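Below are the chains, spelled out letter by letter.
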Amino acid sequence: MNHNSTQVLPDRLKLLLLNEIVIFPMLAVTITIRNSNDIELLKECAQNGEIVAIASPRPNSSLPVTCENIYPIGTACRVSGGRTNRNSQFEVVLEGICRISFLHMLRVGDKPQALIAGYPEKLLSPSDSTTQMLMESSLSLLRICCAAGQPLPELVSTMLDKINHPGHLADLIIIYLQPDFITQSRALALIDPKDRLKLVHQLLYEKHKSLNNGESQTNPDPLRWPRTGSHPGPHADSGNEELAEIRQSIEKLKLEKPIRKIIDKEFTRLERINPAAPDYHNTLHYVEYISELPWRNENLENHDLGDAERILNQDHFGLEKVKERILEHLAVRQLNPDMKGPIICLVGAPGVGKTSLGKSIARAMGRKFIRLSLGGVHDEAEIRGHRRTYLGAMPGKIIQEIKRVGSRNPVFMLDEIDKLGRDFHGDPASALLEVMDPEQNSSFTDHYLNLPFDLSRVLFIATANQSDPIPAPLLDRMEVINLPGYSVEEKKSIACNYLIDRQRENNGLKDETMVFTDEALDCIIDNYTRESGVRNLEKMIGKIMRKYARDKVTGKTIPRAIASRSLAELLGPTMHNKELSANASRVGIVTGLAWTPTGGDILFIEAALMTNHKGENLILTGSLGEVMKESAQTALSYLRTLTHRYEIDENLYENYRIHIHIPSGAIPKDGPSAGLALFLTLLSLASNKPADHKIAVTGEISLSGRVLPVGGIKEKVLAARRSGIKRVILPEDNLKNLQDLPPAARDEMIFFGIKTIDEAIPLVIASLKPVRKTDCGQTGHIKPTGNFLPQASVN
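None of the values given here were measured: they were computed from a predicted structure. (Residues numbered from 1 in each chain as written. Predicted model: local features only at pLDDT ≥ 70, side-chain atom pairs only at ≥ 80, totals over all residues. Heavy atoms only, no water.)

## Quick notes on the overall build of the protein chain
For the protein chain, the count of helices and strands is 26 helices and 26 strands. A separation threshold of at least 6 residues defines the contact pool for the protein chain, and within that pool the share at least 24 residues apart is 75%. Total accessible area on the protein chain stands at roughly 37,700 Å², and carbon and sulfur atoms take up 49% of it. (Helix = DSSP H or I, 4+ residues; strand = E, 2+ residues; numbered from the N terminus. Contact = heavy atoms within 4.5 Å. Areas by Shrake-Rupley, 256 points an atom, 1.4 Å probe, with all protein chains shown as cover.)

The following block contains the structure:
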């Protein structure tokens, strides 16, 4: 609201007559208009930014409009908004600027205009003791009157405390007292702020006196004055019809008694408010919003497990863990219809199908689907709404979306929950704690509604690329299901069964028979995409389809089969070079494995010796993070304990500097899983023995020589397989993770599960023999098959 009342006004303004409605400066009022001429006038003013003069006709006055048949003082107003409501009436917002007097009436065409004189507020000296006393006394009396009934809203109370102008204070008190029309017109006609303040003080004093005499029993709301002798507003009938319709909707809700009691209280208050009062439309919107919420409405669920499983398999390939969890939920719902909805969090790389899976789950269950993106959300009010005391308050996104779909048991996807923000507006992750807790969300309280709403019937599904950024209390409330990346075989199956047909239809080639050869799909996957999911794969297929769509329109022949030799012409040069294993075993180079957001990759860890000059003994390059640097230090320290066992020169560390480099230096790298590969690289360098280039290594190490489990096993193993490496060394505790691999990968690869560093040395550096006997156990290997047991151990 703009409080500037000193704006320079034009001498002539368009005129709008409002029966028994007084608009004060500083007040924004939503009014409802039926007259077509008035609607046209207000639309013009809103569109052109014009100011309109608001006048009130005297009782029993008639047209034409003259200065004699209207009240002499009116209000200059800005016009904003403008919409047609549910009763096909036009609503517009009028914002009072300042008082004006009417000097002469004109008529331009069929529209009245007025010559006016503006009255900006008179500035009074703060040293005026009488004015200060009136202001303080008026505020005190207002609070005493309000204490007997409904208190002032917090925002209004704060505004009153900050106002230091007597005219503004008097107008604001009049607005919230809402006396009869004659009294309001009298207050508007008082140009001198001190005179206006005296009138307000007299009204408050009389009200205070009546409260002490018990007269308030017939008028329980201290902010509502008796309306004896007043007349209904210009749209009272339509307003009563709207209220009757809302009350009828509330009756049908069959709400619980405590909630119904609160709603009835708000509705009763609404019926007593003058439609011109600031609170009227706010309260109307609140009651109307409540009446439209799905307090009891639910979608009938699909309890046919076979049908649900068919829909899930029809829409998505793989993702067996998620599908199994949803089918379990449907089965339990049949046995216990009152069970609370689970809170599931799908964690996986971009493009693996997390968001589209939510839509499929909703379709399989027969529920409505809601998707709310949380990426970048940093305001708590986005989740829990604003309190009604604030201007423009509205519910949070949770309640808004449930109202939109009209069901209290939708599938609600909270997308990108790991990318929530946080700033001075609050912490939305903390606001989600109540939403995501099955023990609390049955009585979720939105700040705007200030009523408990049951979210326990909602199936919440959160998605994230990584679980680390999610706050621990929030993560603890969710059932995390990890979605690993797809293998090459899985990507090819998805392309053949889903992506090609979808892109052919999207690009207008539905009637064309087009087949991608296996070699073509392999080439696209290896050389044009590098990802765990299939998003970029679909983009490449879509690009090819667009080329052929153009050929079809221009009359060219479209090939039935798309071969790998035509990809360079269709897609251009390759975007990624397939990382292959080294072509020979060399000293100081070991093949490591890494997990990346787009899947897995192999790392060539290189080390070299340099004559020592002043400086650090160990140099690390390749954009390594702190954890990875610490792993290199740990590897070097453990190597120094093996100096005598493997006849390593004792002066090596003093006479030489060791430089470790991991290529692709522009790409940041971090994590402890390269510890074993770093140690083997240093050992190969120090012993001058070559490391086997046909074996890949992953595992965290400790100073005591243990090999600890790491994550991302599926992605790392598939990266090794993609690079032509068939043997992989990994921590023994990670053998159980091999069950996530495709059967083809398990059958053709050999995995060595180890507990200690000593077990890995003969596998990678076979020519290196210890000069002393050690306590190292013998190393074996397993070759998993289709019936591979994850509990199998390595002897």
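Back to the write-up after that little detour.
## Describing the pattern of salt bridges
Taken as a whole and assessed by the stated rule, the structure comprises 33 salt bridges. For Arg78, the salt bridge identified is with Glu95, shortest N-O distance 3.7 Å. Of this pair, Arg78 sits in strand E4 (residues 73–84) while Glu95 is found in strand E5 (residues 90–108), placing the two residues 17 residues apart along the sequence. Its relative accessible area of 22% is what places Arg78 among the partly exposed residues. Through salt bridges with shared partners, a single ionic network connects Lys14, Glu40, Glu44, Glu50 and Lys111. (Salt bridge = Lys/Arg side-chain N within 4 Å of Asp/Glu carboxyl O. Buried < 20%, exposed > 50% of the residue type's maximum accessible area, 1.4 Å probe, protein only.)

## Quick word on the packing of helix H17 (residues 488–506) against helix H18 (residues 518–528)
Direction vectors running N to C along H17 and H18 enclose 115°, while the axes themselves pass 10 Å from each other. H18 is crossed by H17, and the crossing has right-handed handedness. Taken together, the residues of H18 that come into contact with H17 (itself represented by Val488, Lys491, Lys492, Ala495 and Cys496) are Asp518, Leu521, Asp522, Ile525 and Asp526. (Axes fitted to C-alpha atoms, helices over the stretch in contact; angles between N-to-C directions. Left-handed = near helix turned anticlockwise from the far one by under 90°.)

## Description of the sheet that holds strand E9 (residues 411–415)
Read from one edge to the other, the open sheet built from five strands follows the order E8-E9-E12-E7-E13, with strand pairing classed as parallel. Edge positions in the open sheet fall to strand E8 (369–373) and strand E13 (479–483), since each of these has one partner strand only. Neighbouring strand axes in the sheet, compared pairwise and without regard to direction, differ in orientation by 20° on average. Of the strand pairs in this sheet, strand E7 (residues 343–348) and strand E12 (residues 459–464) are connected by five bridges, and their pairing is parallel. Residue Val347 lies in a different strand from E12, and its bridge partner there is Ala464. On top of the sheet, helix H11 (residues 320–335) reaches E7, E12 and E13; it is set at about 145° to E13, its chief contact. Contacting E8 and E9, helix H14 (residues 397–405) crosses the sheet at an angle of about 150° to E8. (Pairing = 2+ DSSP bridges.)

## Side note on a negative patch on the surface
A cluster of acidic side chains, namely Glu309, Glu320, Glu324 and Glu328, defines a negative patch on the protein surface. Relative to the elements of secondary structure, Glu309 occurs in helix H10 (residues 305–315). (Patch = residues over 30% accessible without salt bridge, like charges linked within 9 Å, V, L, I, M, F, W, Y side chains within 5 Å. Lys, Arg positive; Asp, Glu negative; His and termini not counted. Charge placed at Lys NZ, Arg CZ, Asp CG, Glu CD.)

## Considerations on the sheet that holds strand E20 (residues 656–661)
Sheet architecture is open: seven strands sit in the order E19-E20-E18-E17-E22-E25-E26, paired in mixed fashion. At either end of the open sheet lies a strand with only one pairing partner, and these are strand E19 (618–621) and strand E26 (750–754). Averaged over all adjacent pairs, the angle separating strand axes in this sheet is 30°, with direction ignored. Here three bridges tie strand E22 (residues 695–697) to strand E25 (residues 727–731), and the two strands are oriented parallel to one another. For Ile695, the partnering residue across the bridge sits in E25 and is Arg727.

## Section: the state of the cysteines
All told, the structure shown has zero disulfides when counted by the stated rule. Considering cysteine sulfurs only, Cys77 is the nearest to Cys98, which forms no disulfide, with 9.2 Å between them. Assessed through its relative accessible area of 3%, Cys98 is described here as buried. (Disulfide = S-S within 2.5 Å.)

## Some remarks on the environment of Gly74
Within the secondary structure, Gly74 is located in strand E4. Using a relative accessible area of 2% as the deciding quantity, one classes Gly74 as buried. For the pair Gly74 and Val22, spaced 52 residues apart in the sequence, the C-alpha separation amounts to 8.1 Å. Beyond its immediate stretch of four places on either side in the chain, Gly74 contacts Ile54, Cys98, Arg99, Ile100, Phe102 and Leu188.

## Regarding H14
Turning to H14, its buried residues number three or more, namely Ile398, Ile399, Glu401, Ile402 and Val405. Down the axis of H14, the buried set is contained in an arc of 165°. They therefore lie on one face. At the C-terminal side of H14, Gly406 shows a positive phi close to 70°. (Arc of directions from axis to C-beta.)

## So, the environment of Leu17
Looking at where Leu17 falls in the secondary structure, it is placed in strand E1 (residues 12–17). Classification of Leu17 by relative accessible area gives partly exposed; the value is 27%. On a C-alpha basis, the gap between Leu17 and Gly74 in space is 9.8 Å, while along the polypeptide they are 57 residues apart. Discounting chain neighbours no more than four positions away, the residues touching Leu17 are Ala55, Pro57, Val65 and Ile70.

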